[in-house]
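# Inside the fold
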Amino acid sequence: VVLINIPFLYIGYRINGKVFTISTLFSIVWMAIFSSFAHEFTPITTNPFLGAIFGGIILGIGVGLIIRNGGCLDGSEIVAIIFDKRTTFSVGEIVMAMNLVILGAAGFVYSWDSAMYSLVAYFIAYKMIDITITGLEE
């Protein structure tokens, strides 16, 4: 995970600066560490729809908090933050568009059920990212 994001970290450093890059690297390293242990936890639910809904909520709030505090969690968010400054689209909308392409391709490789549950999770996450970044007042 860390190695794949190195080119994006460089781009983030060039455009957003040193503090952004250090915050992002910190987030990416911790995400990699926790991801390596995540498979050892007992699932809270075996229902994929509930997992998609609550996973999307937790993911969106977590990513939104990281972005709101000056970092991000992966390369797609670095690209989204850059495009957010140059377009009318929000960070969440840009991340959702990229994930739509990725998960659409994954539907051909894995299963369409898994891809559709993932799209539900990322749709909810995109909304939660935007709510967390801009606040409920928006």
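Residues numbered from 1 in each chain as written. Predicted model: local features only at pLDDT ≥ 70, side-chain atom pairs only at ≥ 80, totals over all residues. Heavy atoms only, no water.

Right, let's talk about the packing of aromatic side chains for a bit. For the structure shown, the criterion picks out four aromatic pairs. For the pair Phe26 and Trp30, a centre-to-centre distance of 6.3 Å together with 65° between the ring planes defines the contact as edge-to-face. Taken as a pair, Phe26 and Trp30 lie in helix H2 (residues 18-38) at a separation of four residues, close to a single helical turn. Overall, Phe26 belongs to the exposed group, its relative accessible area being 56%. The exposure class of Trp30 is partly exposed, given its relative accessible area of 38%. Plain terms: the ring middles of Phe108 and Trp112 are 4.9 Å apart, the flat faces sit at 75° to each other, and that makes the pair edge-to-face. Overall, Phe108 belongs to the exposed group, its relative accessible area being 69%. (Phe/Tyr/Trp six-rings, centres within 6.5 Å; stacked < 30°, edge-to-face > 60°. Helix = DSSP H or I, 4+ residues; strand = E, 2+ residues; numbered from the N terminus. Buried < 20%, exposed > 50% of the residue type's maximum accessible area, 1.4 Å probe, protein only.)

Purely spatial values, then, with no claim about function.
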